[in-house]
Number of protein chains: 2
Amino acid sequence: MKILIDTYGADQGEKVLVDGAILCKEKRDFTPVFIGNKEKIEKLIGGRISDYEIIHTDEFISNDEDPARAIRRKKDASIVIAFEKAKEEAYDGILSAGSTGALLAGGLFIAKRIKGIDRACLATSLPTLKGTTLLMDTGANMDCKKEFLEEFGLMGKVYLENVLAIENPKIGLLNVGVEEHKGNKLTKETYALLKEANMNFVGNIEARDLLTGKVNVVLADGFDGNIAIKTAEGVLKLLAGQMKDVFYKSLLNKLAAGILKKDLKAMFNKYSADEVGGAPLLGVQAYVYKAHGNANELAISNALLGLMDYIDKKVIEKIEGELI
Amino acid sequence: MKILIDTYGADQGEKVLVDGAILCKEKRDFTPVFIGNKEKIEKLIGGRISDYEIIHTDEFISNDEDPARAIRRKKDASIVIAFEKAKEEAYDGILSAGSTGALLAGGLFIAKRIKGIDRACLATSLPTLKGTTLLMDTGANMDCKKEFLEEFGLMGKVYLENVLAIENPKIGLLNVGVEEHKGNKLTKETYALLKEANMNFVGNIEARDLLTGKVNVVLADGFDGNIAIKTAEGVLKLLAGQMKDVFYKSLLNKLAAGILKKDLKAMFNKYSADEVGGAPLLGVQAYVYKAHGNANELAISNALLGLMDYIDKKVIEKIEGELI
């Protein structure tokens, strides 16, 4: 399998993408195709692997640019090259930690949407008390219409049925209360639409149940989904930090912490964003995975594994099949 | 000071409101005026305090009713009585754990809005690494306009300057990125408006910074603010539960946990919703505090203390002064 890796866009620079790919190769073999500065990438690889390709470019799209405009004009930008190459049969998918907007624009203008899908979305896997819950959208669409959320629901259903073998997944709507009449204009309209939709819609889900695994898919407008995952991320980080303060408070605490450290670390890691590593951009005719900008090498490696699983299960073809 | 306490609407029933008021009286003296079933309330008090009043009613507004309609029609509902009584000089403020919608409708139709304010909002105090951050709105307005958020900002400024003596508080906008061009239609429009507004607007705040104390006020549409606090609540509850599992995993873990338990409990308590207890409904001409539906007696007691502080500092008069 050949995966196109955009080496621009990660907060930690090219190194984290190269190291993440090498780490991933230890778990599952594939051919990384790095897109970026050839000399720099070769130096970073430092002979650790021999099975790789590099497509040289020094151009990239930053977070500050207008994504649609940049995608159209900057033909040599790493993410544009990735989308163009992905059209060739030789290449199986794309990983990028760069601008979400550019990724979305590339998906829409170069790969093109799946027929019958109006908007692409980021589907983030949340680790919960009962397996994985898919939150979608987490940031591709800032102002959604009810029809977009219905499409996200259909794509989420196909994704979970195929990638995680969850039969007839339970689909909920992120809202401020469980009652049908609760919410803003969008959630009220969406509730009415989903009740009639061809999916296992179980009603509204409050944000406090995002990680309890009550449902398999939580539908949200990209703005709200993004607020939810970043709030969760912030609370996790805060508590991990505060816990460290408790551990270092006294010698006795230090001793006790020594005993519990491993288990507590494993607990926090379970809910860490690095564990999931990234999210598929569902709805476009290319297998694309978005890693967080602040991803570490473990996150990149896990994102690559997720992407390859998504490719293996031919989810795009399955979504197309569902829509015909 | 006489505080009107709506005894209907808490998940745990009248008892939690009576017990919370009695607990609060140990910390600060005031006269609770319980509105609800006289016989039941007297039995719950059981002679523990003698300085109280009861206004009898068996009617209340539930979460399932249309709030505006119910406020207009149910003249004997506990919250309607509370708002009517609050107009009399003898009574200083209202505490309710009931329907947010009914509280808002009562505020708008009975107490009336403060002149110059279009929408009331719930201002929730978040405990952060550096003192309190006020998140507003957390659920009164589901679909906001940019002007509402500007008003929330002005009210938040006055509230913090007076209640917490924070000079020229830093005001941020809840958004999916820090860059000015980020966000949905509402946040983009609001950013442009706040740049020109008479407040210390410092730009966008990501949800992961809600509890780091970067700013003193975070402005959000009521839907988004509600998603954020409930996500945080859910993560806290999840981690507290998972931590218990770690503590009971082995005998050695149990011993170590015994040493750390007190400090860790204090850490979780600091961020618990009960610590704050409730939120003022800013923007109406009555001192109103909303406690969570699932409040315990500590939360009720803390909400009452917050309410009395809000009254002491004459925040409504100060907001009116600011708007003239």
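Residues numbered from 1 in each chain as written. Chains lettered and ligands numbered in written order. Predicted model: local features only at pLDDT ≥ 70, side-chain atom pairs only at ≥ 80, totals over all residues. Heavy atoms only, no water.

Quick notes on the sheet that holds strand β1 (residues 2–6) of chain A
In any sheet, the strands associate via hydrogen bonds between backbone groups, in a parallel or an antiparallel arrangement.
Residue and element names in this part refer to chain A.
Item 1. Judged by pairing direction, the sheet is mixed, and its 11 strands sit side by side in the order β3-β2-β1-β4-β11-β10-β5-β6-β9-β7-β8 without closing on themselves. Two strands close off the open sheet at either side, each with one partner strand: β3 (53–56) and β8 (201–206). The mean inter-strand angle of the sheet, taken between neighbouring strand axes irrespective of direction, is 30°. (Pairing = 2+ DSSP bridges. Helix = DSSP H or I, 4+ residues; strand = E, 2+ residues; numbered from the N terminus. Axes fitted to C-alpha atoms, helices over the stretch in contact; angles between N-to-C directions.)

Examining the relation of the copies chain B and chain A
Item 1. Note on the copies: chain B fits chain A at an RMSD of 0.0 Å, the axial shift is 0.0 Å, and the rotation between them is 180°. These values place the two chain copies in the arrangement generated by a two-fold rotation axis. Across chain B, the smallest distance between a C-alpha and the rotation axis is recorded for A256 of chain B, namely 2.3 Å.
Item 2. A symmetric contact is evident, with 100% of the interface residues of chain B recurring at the interface of chain A. (Least-squares fit on C-alpha atoms with pLDDT ≥ 70 in both. Contact = heavy atoms within 4.5 Å.)

With respect to the domain arrangement of chain A
Residues and elements named next belong to chain A.
Item 1. Entries for chain A in the domain assignment read domain 1 (1–117 + 283–316) and domain 2 (119–278).
Item 2. For domain 1 versus domain 2, the distance between C-alpha centres works out to 25 Å.
Item 3. Contact between domain 1 and domain 2 buries roughly 1,700 Å² in total, counting both sides, with carbon and sulfur atoms accounting for 61%.
Item 4. For domain 1, the biggest contributors to the area lost against domain 2 are L104, I117 and V315; these three give 27% of the whole.
Item 5. Remark: the boundary between domain 1 and domain 2 carries 0 salt bridges. (Domains from an automatic or database assignment. Buried area = accessible area lost by both parts, 1.4 Å probe. Salt bridge = Lys/Arg side-chain N within 4 Å of Asp/Glu carboxyl O.)

Quick word on the packing of aromatic side chains
All names here are of chain A.
Item 1. Taken as a whole and judged by the stated rule, the model has 12 aromatic pairs over all chains.
Item 2. Residues Y191 and F201 carry aromatic rings whose centres are separated by 5.2 Å and whose planes lie at 80° to one another, so their mutual orientation is edge-to-face. Of this pair, Y191 sits in helix α7 (residues 185–195) while F201 sits in strand β8, and the two are 10 residues apart along the sequence.
Item 3. Y191 sits in the buried class, given a relative accessible area of 12%.
Item 4. Counting every residue linked through ring pairs, the aromatic cluster contains Y159, Y287, Y289 and Y310.
Item 5. Sitting over the ring of F109, R72 keeps its end group 4.0 Å from the ring centre. (Phe/Tyr/Trp six-rings, centres within 6.5 Å; stacked < 30°, edge-to-face > 60°. Buried < 20%, exposed > 50% of the residue type's maximum accessible area, 1.4 Å probe, protein only. Lys NZ or Arg CZ within 6 Å of the ring centre and 35° of its normal.)

Some remarks on the sheet that holds strand β5 (residues 121–128) of chain B
Residue and element names in this part refer to chain B.
Item 1. The strand order across the open sheet built from 11 strands is β3-β2-β1-β4-β11-β10-β5-β6-β9-β7-β8, with neighbouring strands paired in mixed fashion. Each having just a single partner strand, β3 (53–56) and β8 (201–206) make up the two edges of the open sheet. Each strand axis lies, on average, 30° off the axis of its neighbour in the sheet, ignoring direction.
Item 2. Pairing of strand β7 (residues 171–175) with β8 involves 5 bridges; the strand directions are parallel. Paired with N175 across the two strands is E206, which belongs to β8.
Item 3. With respect to the sheet, helix α8 (residues 222–247) is in contact with β5, β6 (131–136) and β7, its orientation differing from that of β6 by roughly 140°.

Focus on the nonpolar core
Item 1. Formed by 60 residues in total, the largest nonpolar core has its most connected members in L239 of chain A together with L239 of chain B.
Item 2. Of all the elements in the fold, those that place two or more residues in this core are α8 (222–247) and α9 (251–271) of chain A together with α8 and α9 (251–271) of chain B.
Item 3. The residues touching L239 of chain A, leaving out its near neighbours within four places in the chain, are F268 of chain A together with L236, L239, M267, F268 and Y271 of chain B.
Item 4. One finds I49, F152, F201 and L282 of chain A within the second-largest nonpolar core, a separate group that totals 59 residues. (Core = buried A, V, L, I, M, F, W, Y, C linked by side-chain atoms within 4.5 Å.)

Some points on the interface of chain B and chain A
Item 1. Across the boundary between the two partners, chain B contributes 52 residues, which contact 52 residues of chain A.
Item 2. For the pair chain B and chain A, the summed buried area comes to about 4,700 Å², and 70% of that belongs to carbon and sulfur atoms.
Item 3. Its largest share of buried area at the contact with chain A, chain B owes to R208, F223 and K230 of chain B, together 13% of the area lost on that side.
Item 4. Here chain B and chain A share 6 salt bridges between them.

Thoughts on the environment of L282 of chain B
Residues and elements named next belong to chain B.
Item 1. Tracing the backbone through its elements, the reader meets L282 in strand β10 (residues 278–282).
Item 2. Judged by relative accessible area, which is 0%, L282 ranks as buried.
Item 3. A C-alpha to C-alpha distance of 5.3 Å links L282 and C121, two positions 161 residues apart in sequence.
Item 4. Ignoring sequence-local partners within four residues, the contact set of L282 consists of R119, A120, C121, A123, M136, M155, Y159 and Y310.

A look at the side chain of S99 of chain A
Residue and element names in this part refer to chain A.
Item 1. Locating S99 in the fold gives a position in the loop between β4 (93–96) and α5 (100–111).
Item 2. Since its relative accessible area comes to 9%, S99 is described here as buried.
Item 3. Only 2.9 Å separates the side chain of S99 from the backbone nitrogen of A102, close enough to count as a polar contact.
Item 4. Setting aside residues up to four positions removed in sequence, S99 forms contacts with S62 and N63. (Polar contact = N/O pair within 3.5 Å; in protein donor to acceptor, adjacent residues only side chain to side chain.)

Points about the pattern of salt bridges
Item 1. This structure, assessed with the given rule, holds 46 salt bridges over all chains.
Item 2. The salt bridge involving K249 of chain A is made with D263 of chain B; its shortest N-O contact spans 2.8 Å. Residue K249 of chain A is found in the loop between α8 and α9, and its partner D263 of chain B is found in helix α9; the two belong to separate chains.
Item 3. Classification of K249 of chain A by relative accessible area gives exposed; the value is 57%.
Item 4. What you see here is one network of salt bridges that share partners, running through E206 and R208 of chain A together with K230 and E233 of chain B.

Some remarks on the confidence of the model for chain A
Item 1. Summing up the model confidence of chain A, the mean pLDDT is 95 and the portion of residues at 70 or higher is 100%.
Item 2. This prediction of the complex comes with two scores: 0.94 for pTM and 0.93 for ipTM. (pLDDT = per-residue confidence, 0-100.)

Description of the packing of helix α1 (residues 14–27) of chain B against helix α2 (residues 38–45) of chain B
All names here are of chain B.
Item 1. Two numbers describe how α1 lies on α2: the axes approach to 10 Å, and their chain directions differ by 50°. One finds that α1 runs oblique with respect to α2. Considering only the axes of α1 and α2, their crossing is right-handed. Contact residues: E14, K15, V18 and I22 in α1; K40, I41, L44 and I45 in α2.
Item 2. Residue composition of the contact of α1 with α2, by class: 5 nonpolar, no polar and 3 charged. (Parallel < 35°, antiparallel > 145°, perpendicular 65-115°, else oblique. Left-handed = near helix turned anticlockwise from the far one by under 90°. Nonpolar A, V, L, I, M, F, W, Y, C, P; charged D, E, K, R; others polar.)

So, unusual backbone geometry
Item 1. With an omega dihedral of 10°, the bond running from M136 of chain A to D137 of chain A counts as a cis peptide bond.
Item 2. Turning to its location among the elements, D137 of chain A is positioned in the loop between β6 (131–136) and α6 (146–163).
Item 3. Of note in the backbone geometry, N168 of chain A takes a positive phi value of approximately 45° without being a glycine.
Item 4. Topologically, N168 of chain A is positioned in the loop between α6 and β7 (171–175).
Item 5. For K112 of chain B, which is not glycine, the phi torsion reads 75° and is therefore positive.
Item 6. Judged by its relative accessible area of 46%, K112 of chain B is partly exposed.

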